[in-house]
Amino acid sequence: RNDSSQSSRMPDDKLLGGLLAPGFDERSCLSRYRSSLFRKISPHKPSSYLLSKLRRYEDLHKRCGPRTKSYKKAFKRLKSGHGSSGGCNYLVWIPVNGLGNRMISLASTFLYALLTDRVLLVEVGNDMSGLFCEPFPNSSWILPKSFSHTVEFRNHYERYARGYGNQLKNGIINESMESINILPPPFFLTPTFNQEVQRMFPERETVFHHLGRYLFHPSNEAWGRIIRFYQAYLANADERIGLQIRVFNTKTTKAQTVLDELFKCTQKEKLLPQVDPQNPAAAPIQNQRSKAILVTSLYTEFYENISNTYWAKPTVTGEVIGVYQPSHDETQHFGDNMQNMKAWAEMYLLSMSDVLVTSGWSTFGYVAQGLGGLKPWVLYKIEEEHTRNPSCVRDLSMEPCFHHPPTYDCRRKKKMNAGSLFPYLKYCEDLNWGVKLV
Ligand code: GDP
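Residues numbered from 1 in each chain as written. Predicted model: local features only at pLDDT ≥ 70, side-chain atom pairs only at ≥ 80, totals over all residues.

By the naming in an unreviewed UniProt entry, the protein chain is Fucosyltransferase, taken from Salix viminalis. Looking at the protein chain in UniProt, the text filed under Subcellular location (unreviewed entry) is "Golgi apparatus, Golgi stack membrane". Quoted verbatim from the Function (unreviewed entry) field of UniProt, the annotation for the protein chain is "May be involved in cell wall biosynthesis." (UniProt positions renumbered as here; feature names shortened; annotations may be inferred.)

Let us now look at the nonpolar core. With 100 residues, the main nonpolar core has Ala-107, Phe-110, Val-119, Leu-120, Ile-293, Val-295 and Trp-344 as its most contacted residues. The element contributing the most residues to this core is helix 5 (residues 99-116), with nine residues. Setting aside residues no more than four positions away along its own chain, Ile-293 makes contact with Ile-241, Leu-243, Ile-306, Ile-321, Gly-322 and Val-323. (Core = buried A, V, L, I, M, F, W, Y, C linked by C-beta atoms within 7 Å. Buried ≥ 20, exposed ≤ 12 C-beta atoms within 10 Å, placed from the backbone. Helix = DSSP H or I, 4+ residues; strand = E, 2+ residues; numbered from the N terminus. Contact = placed C-beta atoms within 7 Å.)

Glancing now at the pairing of strand 6 (residues 320-324). Here strand 6 shows a clear split, with Ile-321 and Val-323 buried on one side and none of Val-320, Gly-322 and Tyr-324 buried on the other. Note on the crossover from strand 5 (residues 290-296) through helix 14 (residues 301-312) to strand 6: the handedness is right-handed. (Right-handed = clockwise from strand over helix to strand, strands pointing away.)

The six strands lie next to each other as 6-5-4-7-8-9, forming an open sheet whose pairing is mixed. Edge positions in the sheet fall to strand 6 and strand 9 (392-394), since each of these pairs with one other strand and no more. Neighbour-to-neighbour, the strand axes of the sheet open up by a mean angle of 20 degrees, direction not taken into account. Taken strand by strand, helix 16 (residues 363-372) contacts strand 4 (239-244) and strand 7 (355-359), and its axis lies near 155 degrees from that of strand 7. (Pairing = 2+ DSSP bridges. Axes fitted to C-alpha atoms, helices over the stretch in contact; angles between N-to-C directions.)

Split by domain assignment, the protein chain resolves into domain 1 (4-215) and domain 2 (237-400). At the junction of the two partners, domain 1 supplies 22 residues and domain 2 supplies 23 residues. Contributing elements (two or more residues each) for the side of domain 1 that touches domain 2: helix 5 and helix 11 (207-215). (Domains from an automatic or database assignment.)

This is the structure in structure tokens:
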């Protein structure tokens, strides 16, 4: 699949400043080299050290990935409990939670693989198949089914019952990580990795931005959905505004309260134009600017209300507003491949916004902001109708918030305040005990 004559001709933009390896077959993954046509060029350049680590990793993955001699050796050893490991160490990622959570933990697991020279293999399961292209040239990151059949990961009980703990102890599998609670900040908090991650990411807030853009390329099916929607509704607008509206508990949070808070935010921050209640006529048609609002939500109420607002009355600025929502599944299902496909397409579409408003606590929004390189306005989570004033805040950075930082320093045997240890690690705006890189 590598074609070096083609690679040398590829412009830097297409390769996202050298982040992507050249030479992949373009047709099997149209999004990989086309994302630069649709998203603004990132002002954040990956460091040359990160690029060299990625190229080294790609060589390692090619040498040790599925179907290689080394992999077969390691697999044989796993099954029989003896023999040579083939000189390769592996890190297996297992999906848990929604897609946003998974993507963030997957990127962080990849960072851990980069830091420890392990080969990352991903259990895609049924509900994540066909969402992403292969990220590493001339190899695959998908954990072969034969492996999952041999080692059952589903829960701790099964793992230990089937001897997984012992296999881990005996060094057959190096590590496995569930897609839960893993984010880049701990690598900055760990003395063993601190210097290395600092070298890889001199701009601290770009960890997920670069690793996410490196790893996550929509499959042709996902890309088709993204581009058809983008071209039909968003491409021709002068400005694109993404509104990600995540309601965690519809029983305790009323849709009207969410809408009120959203409008308070967009009005205060001047993100959306006001409507003119006195003048029902259309605004003059010369030099009209247009804005496209992309609403993503599991529900329709927000889209209906916003679109009605701009249909019923003209804007005071004369701007023309279009409001669009790709899907509304109503409930979050687990194990649903099509729901993940829609969720992935919507996260990507949000990342193509010029202005982004997200919902606090939501990893769905974190993925969009990180991939888009956007510092969003974050709506505070509404707890049982308790609202905050102001209703939203500009985020400190585009990095995701790590919800579960350590609170105890085992070496010093005292309480740890993760958000005050380094100038580049701060408590999050949307969740005051979480930390994020800034
Ligand atoms: P989080 O729970 O907000 O942190 O985000 P996750 O992505 O981890 O889990 C939420 C899941 O609910 C998503 O993966 C989707 O399956 C679904 N979901 C939530 N909000 C939306 C939305 O706006 N659009 C779509 N298509 N799905 C959503």
